[in-house]
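# Secondary and tertiary structure notes
Below, each chain spelled out in residue letters.
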Protein chains: 6
Amino acid sequence: MKILIINPNTTSSMTKKIGVAARAVARPDTEIVATNSQSGPASIQGFLDVATCVPGLLEEIARHPDVDAIVIACFDDTGLDAVRTQVSVPVLGIGEAAYHAASMIANKFSVITTLSRSVPGLENNLMKYGLAQKCARVRATDIPVLKLEEGDPATLYKIRSEIRVAIEQDGAEAIVLGCAGMADLMSDLSAEFGLPVIDGVAAGITFVEALVNNGLSTSKIGAYASM
Amino acid sequence: MKILIINPNTTSSMTKKIGVAARAVARPDTEIVATNSQSGPASIQGFLDVATCVPGLLEEIARHPDVDAIVIACFDDTGLDAVRTQVSVPVLGIGEAAYHAASMIANKFSVITTLSRSVPGLENNLMKYGLAQKCARVRATDIPVLKLEEGDPATLYKIRSEIRVAIEQDGAEAIVLGCAGMADLMSDLSAEFGLPVIDGVAAGITFVEALVNNGLSTSKIGAYASM
Amino acid sequence: MKILIINPNTTSSMTKKIGVAARAVARPDTEIVATNSQSGPASIQGFLDVATCVPGLLEEIARHPDVDAIVIACFDDTGLDAVRTQVSVPVLGIGEAAYHAASMIANKFSVITTLSRSVPGLENNLMKYGLAQKCARVRATDIPVLKLEEGDPATLYKIRSEIRVAIEQDGAEAIVLGCAGMADLMSDLSAEFGLPVIDGVAAGITFVEALVNNGLSTSKIGAYASM
Amino acid sequence: MKILIINPNTTSSMTKKIGVAARAVARPDTEIVATNSQSGPASIQGFLDVATCVPGLLEEIARHPDVDAIVIACFDDTGLDAVRTQVSVPVLGIGEAAYHAASMIANKFSVITTLSRSVPGLENNLMKYGLAQKCARVRATDIPVLKLEEGDPATLYKIRSEIRVAIEQDGAEAIVLGCAGMADLMSDLSAEFGLPVIDGVAAGITFVEALVNNGLSTSKIGAYASM
Amino acid sequence: MKILIINPNTTSSMTKKIGVAARAVARPDTEIVATNSQSGPASIQGFLDVATCVPGLLEEIARHPDVDAIVIACFDDTGLDAVRTQVSVPVLGIGEAAYHAASMIANKFSVITTLSRSVPGLENNLMKYGLAQKCARVRATDIPVLKLEEGDPATLYKIRSEIRVAIEQDGAEAIVLGCAGMADLMSDLSAEFGLPVIDGVAAGITFVEALVNNGLSTSKIGAYASM
Amino acid sequence: MKILIINPNTTSSMTKKIGVAARAVARPDTEIVATNSQSGPASIQGFLDVATCVPGLLEEIARHPDVDAIVIACFDDTGLDAVRTQVSVPVLGIGEAAYHAASMIANKFSVITTLSRSVPGLENNLMKYGLAQKCARVRATDIPVLKLEEGDPATLYKIRSEIRVAIEQDGAEAIVLGCAGMADLMSDLSAEFGLPVIDGVAAGITFVEALVNNGLSTSKIGAYASM
């Protein structure tokens, strides 16, 4: 099968990283097409970025009509409802996929994301998906998305200290890493803290593989009906 | 004070109607600027239209930097969070304003909107605002937005029969007319059915007037912080 | 238009202060009638005061049959449902009005009120209005209502420190000042802390002006039906 | 032990009926004092009656300072929070008691009450107690409270047909009879429909007996603290 | 009447203690049969113990077909739904009974239980009963159940310090002692902290006495229907 | 990878069917071990069956210590929390898996299950998982589980008519077939009604494949900690 994983911002270095993470978990017979919007903001943090990147996202998706499933590789699940209305193949956001995965292996999880400004959008999503009650807390490191690209040790230190607080204060039993740029940290942090650390890219790819294998598509009656 | 009321679709006949409805309730010293997006869909029904009209909406708003408040004249409250992040004056969607007004004068209300496809978006909004528990039901007439423009008697018949069912079956004590194009029907229906019928344009204009008179602006710390 | 703003306790110095705050935001052509109950408790803190002041409140309202709208100037929204059943003009409590205003300009707000004993009543109201999910926390300063009248610097110090904690710990983006006696502090605190500070009296007056201008009255079918 | 069961309306024939129902379930060593307010409305239906009867209720309670527990014999649980603040013995409303009893013996219950106008108050109570999720629906027979006194066959017919609908449509597994005046119908209806039919007077008396036997009193820290 | 109080673990010293606590609150004419499962785990902490002890519990109950009511004396309310399906007499879990009692005398309560591992099960129960909104927090002392048997002063110290934190931080107005083994501590702690301290065994016995006196049985239509 | 799919009842014909459905969606390199409990009830309908089959389920699982993931093939998600405590590999119930799948491809879904008596258990599960808000309704066909084995045309007729009602009345956009024995009906019904029809066995197998491919295991801190 062929899965389109699309980064809704225009930073191609991040798209590359996302492609690598996607291929690392995909089945041998799955083809991963990693791409990004051709126009729009360089990173997505807060409601304004989320809104302005959607048309570029929809255009880029329209350039790939032959895929079997789509993963939106931004933790805000940018444009998720619009994309589901645009296509009929299964569509998952990486935030959404990560929350579902966390709910399947832990009683309660916390999310570690980048900026405080992104927290309300993620909380709204969790409420909309019904999974807010499984989420102990959404925590911000206040590290900008693009900073994660640079591999600064101070950055990693901040993430690790938020995980520790999530375990001790929130009673978190699993951690969702709330940004596509954090994908490569997952297994180290899981080993260090002795609990599942979930990356949305991996969750998104494997769950759409599952949906395709089930023969399931996005419902086209009701909310996501085509015009 | 100067209020921008913006129709996020490009149908100028609807913008005109909205402007008339806005001026009818505004204070004598309030200046109403009624406008619409210069690009984007002709009507907004369902998630895809909502998403694609936002950039045009933000651009048009940027052309009016001197206003004291903004009302988004689409019942989906299209781009509400993005607009609040873009500006610092108070911003209301007409759906949001109507739900708040209904909650202030009735214990329970029902919403009558156009297409079934629009219902899930409105339900999501109600949940996000916390007002879902005051809303007995969102009902669709399955009349397209632009059809309302034509004044067809069959259209009005359908709206009236949904109001009747809302009173009898939902226990609705007030009706929210869930589309900007229905604004001129309000007082007739209220008289006919003996209960408040709320129009979002009127509610939106008068509530932003209230916010401006309170000296209140959109909070710029947290969710709606500027970059 | 003529608005009755009624203080349900019998402390006339507080009624005076409320009248001043009301006139400060009312439109030029709005006449404010500020009054208080002729019998009942001197201040309202906790469930017993709330219950015993209602008959005096209803009697006083019956003395003003010619008003266009009513604002109940106690943060507990004392007797709100009863007053809505008694009259047919729009009726708002100042707590209710403040929560709606806060929900329109911020993603999350905290309430600063007087005594701890008043907190559960406010939390119950927030839940009933549906707005509990927008409220991060109701905080008490443990300053008695009447103490606020005296302008003690220690009082102001306590309010300011609670606002600081609300911003830092609750993630509050706006502050609701949860007592009618705090009305004159609003603009100073807003400037100092860089976020909207909402006073219920101002919100109440301007929102009922809006409802009257919309031609909206309290629904008289269902919950608030007259005998 | 000595239990005060107080009818917050002034209809003494109803107080008598309530006293009989109370004594029928009380332990042999429990003394039942059945009384009613000396002033206030003759029946309690809707928010206005609820509010105006509270002072008379509090006065009457103050005349009985030596009781071990109090049951408020109105299905609206009139003045419950105020009474809990006034005294320190356990206090239950008959609505509250009936909902708790129903939750202990059935997965889901429906309430049959008198007038439609009373439904929102009961729904608010259920939400406040947390038990709304166990309640399938609150149904009104639209029979006035005092009509129940007259033993009209048409009245009973209406009650029975609402029970039937509650079982078939709501999936109710138990029925709460939502009015003090319905107390004597309980066992007949239970036998006829083959499911538990719960009377609030019986539930209220036996539950306060239980609380007294547990040595439990109303908490006087927090919400119900005395002045 | 004859009440079966059954300890679902096999530790008979605990059963004895439970029997003593049960008889201390039961009416003079109530016969208490205190028993325990003949097979299964020695203590119940966490989901695995809860699941494995149920068949032993059901078998033991089948040996006592002549009782008028059943109390399950484990704070997890082990097997509650299954027992209700097995029999037709009223059945209460001691956790369930304690939460209902706490809701009747306090606006908000906290639960103090043994191991952290038990907390999620109790939280799930509270959500299922609808009473989660009355519970400020479930706190663990991390003292194993059987340790409570030994009367270690360090154990009591830990319980007392958790109660103090519950009052100060959670705003708890009542405390539920979340383990059958804590039954004898109730009155001392209540006197020391000046608030109600609720023991589930006492609450369970007196509430099933109440249900029996009401003539109420477990509903046998719907969820608890016999085969 | 090796997945254990376990039928918690002892009806081996059903186990066979489940194994076939599981292998039909599993990846080529996934080994499916389909088994059932050696002791316990022949079918699982209602709380009593759920409780009594768990020990047999845990024993059978202990006989397969070398598997990479476990799927519990009963729509009640029998013993799910207990199994997660017993093992450390990922564990999914087929009900749980189906609800997550439905939430990923539709805005709202309905569940069609067997007996009315099973409905409350499924509703409790949905509430516990947080997904109750995505579920429009759980509908019963009142066809016993084992009857499904017989291929009676009346059975299929009843299922099809419930699907039709779910679409028309509940606004369901996807259907979850709420019983393991319905697995083979999925694709026909999906084609007939033009919406996704979800089978829990297929969803369960493909989602645990996804979790294993993510390197995710059940969290062993908190709720599911081993002794």
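This is a predicted model, so every value here is computed, not measured.

Placing chain A over chain F gives an RMSD of 0.0 Å and needs a rotation angle of 180°, together with 0.0 Å of translation along the axis. Both copies are brought into coincidence by an operation consistent with a two-fold rotation axis. Relative to the rotation axis, the closest C-alpha in chain A is found at glycine 130 of chain A, a distance of 2.5 Å. Of all interface residues in chain A, 100% are interface residues in chain F too; the two copies therefore contact each other through one and the same surface.

Among the secondary structure elements, arginine 27 of chain D is positioned in the loop between helix H1 (12-25) and strand S2 (31-36). Separated by 64 residues in sequence, arginine 27 of chain D and valine 91 of chain D have C-alpha atoms that sit 18 Å apart. In this structure arginine 27 of chain D touches Glu209 and Asn213 of chain D together with Arg27 and Glu209 of chain E, once residues within four positions along its chain are discounted. Polar contacts involving the side chain of arginine 27 of chain D include one to the side chain of glutamate 209 of chain E, which spans 3.2 Å.

Residues and elements named next belong to chain C. Remark: helix H6 (residues 153-170) packs on helix H7 (residues 186-193), axes separated minimally by 12 Å, with the N-to-C direction vectors making an angle of 45°. Of the possible angle classes, the one that applies to H6 and H7 is oblique. Considering only the axes of H6 and H7, their crossing is right-handed. Of the residues in H7, those in contact with Ile159, Arg160, Ile163, Arg164 and Ile167 of H6 are Leu189, Glu192 and Phe193. For the contact of H6 with H7, the per-class residue count stands at 5 nonpolar, no polar and 3 charged.

Residue and element names in this part refer to chain D. Sheet topology note: the strand S1 (residues 2-7)/S2 ladder contains 6 bridges and is parallel. Note on S2: the bridge partner recorded for asparagine 7 is asparagine 36. On the question of chirality, the crossover connecting S1 to the parallel S2 by way of H1 is right-handed.

When the parts of a complex come together, some accessible area is lost, and that lost area is often used as the size of the interface. Contacts between the two partners involve 47 residues from chain A, matched on the other side by 47 residues from chain F. For the pair chain A and chain F, the summed buried area comes to about 3500 Å², and 59% of that belongs to carbon and sulfur atoms. For chain A, the biggest contributors to the area lost against chain F are Met104, Ile105 and Asn214 of chain A; these three give 19% of the whole. Remark: the boundary between chain A and chain F carries 2 salt bridges. Linking chain A to chain F there are 23 residue pairs in polar contact (both at pLDDT 80 or more). Among the elements of the structure, strand S4 (91-93), helix H5 (94-105), helix H6 (119-129), strand S8 (197-199) and helix H9 (200-213) of chain A are those that each provide at least two residues to the side of chain A that touches chain F. Broken down by element, the side of chain A that touches chain F gets its largest block of residues, 8 residues, from H9 of chain A. Across the side of chain A that touches chain F, the residue classes break down as 26 nonpolar, 13 polar and 8 charged.

The next point concerns the arrangement of the chains. Separated in space, chain B and chain E share no contact, their closest pair of C-alpha atoms being 16 Å apart. Nowhere do chain C and chain F come into contact; their C-alpha atoms are at least 16 Å apart.

This brings us to the domain arrangement of chain A. Residues and elements named next belong to chain A. Splitting chain A by domain gives domain 1 (2-94 + 203-213) and domain 2 (95-199). On a C-alpha basis, the centres of domain 1 and domain 2 stand 20 Å from each other. Each partner contributes residues to the interface: domain 1 has 26 residues there, and domain 2 has 34 residues. Taking both sides of the interface into account, the surface hidden between domain 1 and domain 2 amounts to around 2100 Å²; carbon and sulfur atoms contribute 58%. Sorting the residues of domain 1 by area buried against domain 2 places Lys17, Gln45 and Phe75 first, and these three jointly supply 34% of that buried surface. Of the charged contacts, one joins glutamate 96 and arginine 84 as a salt bridge, the two residues approaching to 2.9 Å between their closest N and O atoms. Viewed at the interface, domain 2 and domain 1 are joined by 11 residue pairs in polar contact (both at pLDDT 80 or more).

Residue and element names in this part refer to chain D. Here strand S3 (residues 69-72) shows a buried face lined by Ala69 and Val71 and a second buried face lined by Ile70 and Ile72. Examined bridge by bridge, S1 and S3 share 4 bridges and lie parallel to one another. Bridge pairing in S3 links isoleucine 3 to alanine 69. Handedness of the crossover joining S3 and strand S4 (residues 91-93) through helix H4 (residues 80-86): right-handed.

By the element assignment, leucine 92 of chain E lies in strand S4 (residues 91-93). For leucine 92 of chain E and alanine 203 of chain E, which are 111 residues apart along the polypeptide, the C-alpha to C-alpha distance reads 9.5 Å. Every residue in contact with leucine 92 of chain E, bar those within four places of it in the chain, is listed here: Met104 of chain D together with Ile70, Val71, Ile72, Leu80, Arg84, Ala97, Gly204, Phe207, Val208 and Leu211 of chain E.

This part covers the pattern of salt bridges. This structure, assessed with the given rule, holds 66 salt bridges over all chains. For aspartate 170 of chain A, the salt bridge is made with arginine 139 of chain A, and the minimal N-O distance between the two is 2.8 Å. One end of the pair, aspartate 170 of chain A, is in helix H7 (residues 153-170); the other, arginine 139 of chain A, is in strand S6 (residues 135-140), and 31 residues separate them in sequence. By relative accessible area, aspartate 170 of chain A is classed as buried at 15%. Close ionic contact of aspartate 66 of chain C with lysine 2 of chain C constitutes a salt bridge, the shortest N to O distance being 2.7 Å. One end of the pair, aspartate 66 of chain C, is in the loop between helix H2 (47-62) and strand S3 (69-72); the other, lysine 2 of chain C, is in strand S1 (residues 2-7), and 64 residues separate them in sequence. What makes aspartate 66 of chain C partly exposed here is its relative accessible area of 45%. One network of salt bridges, in which partners are shared, links Arg27 and Glu209 of chain A together with Arg27 and Glu209 of chain F.

Looking now at helix H9 (residues 200-213) of chain B. Residues and elements named next belong to chain B. Under the 1.5 Å per step criterion, the end-to-end length of H9 is 20 Å for 14 residues, consistent within 8% with the ideal 20 Å. In terms of burial, H9 is largely enclosed, as 12 of its 14 residues are buried. In the stretch just after H9, glycine 215 is the one whose phi turns positive, near 70°.

Residue and element names in this part refer to chain F. Spatial strand order, S6-S5-S7-S8: 4 strands in an open sheet with parallel pairing. With one partner strand each, in any of the chains shown, strand S6 (135-140) and strand S8 (197-199) form the two edges of the open sheet. Here the average twist between neighbouring strands, direction ignored, is 25°. Relative to S6, strand S5 (residues 109-113) is paired through 5 bridges, and the arrangement is parallel. Within S6, the residue paired with threonine 113 across the bridge is alanine 140.

Rules behind the numbers
- Residues numbered from 1 in each chain as written.
- Chains lettered and ligands numbered in written order.
- Predicted model: local features only at pLDDT ≥ 70, side-chain atom pairs only at ≥ 80, totals over all residues.
- Heavy atoms only, no water.
- Least-squares fit on C-alpha atoms with pLDDT ≥ 70 in both.
- Contact = heavy atoms within 4.5 Å.
- Helix = DSSP H or I, 4+ residues; strand = E, 2+ residues; numbered from the N terminus.
- Polar contact = N/O pair within 3.5 Å; in protein donor to acceptor, adjacent residues only side chain to side chain.
- Axes fitted to C-alpha atoms, helices over the stretch in contact; angles between N-to-C directions.
- Parallel < 35°, antiparallel > 145°, perpendicular 65-115°, else oblique.
- Left-handed = near helix turned anticlockwise from the far one by under 90°.
- Nonpolar A, V, L, I, M, F, W, Y, C, P; charged D, E, K, R; others polar.
- Pairing = 2+ DSSP bridges.
- Right-handed = clockwise from strand over helix to strand, strands pointing away.
- Buried area = accessible area lost by both parts, 1.4 Å probe.
- Salt bridge = Lys/Arg side-chain N within 4 Å of Asp/Glu carboxyl O.
- Domains from an automatic or database assignment.
- Buried < 20%, exposed > 50% of the residue type's maximum accessible area, 1.4 Å probe, protein only.
- Expected span 1.5 Å × (residues − 1).

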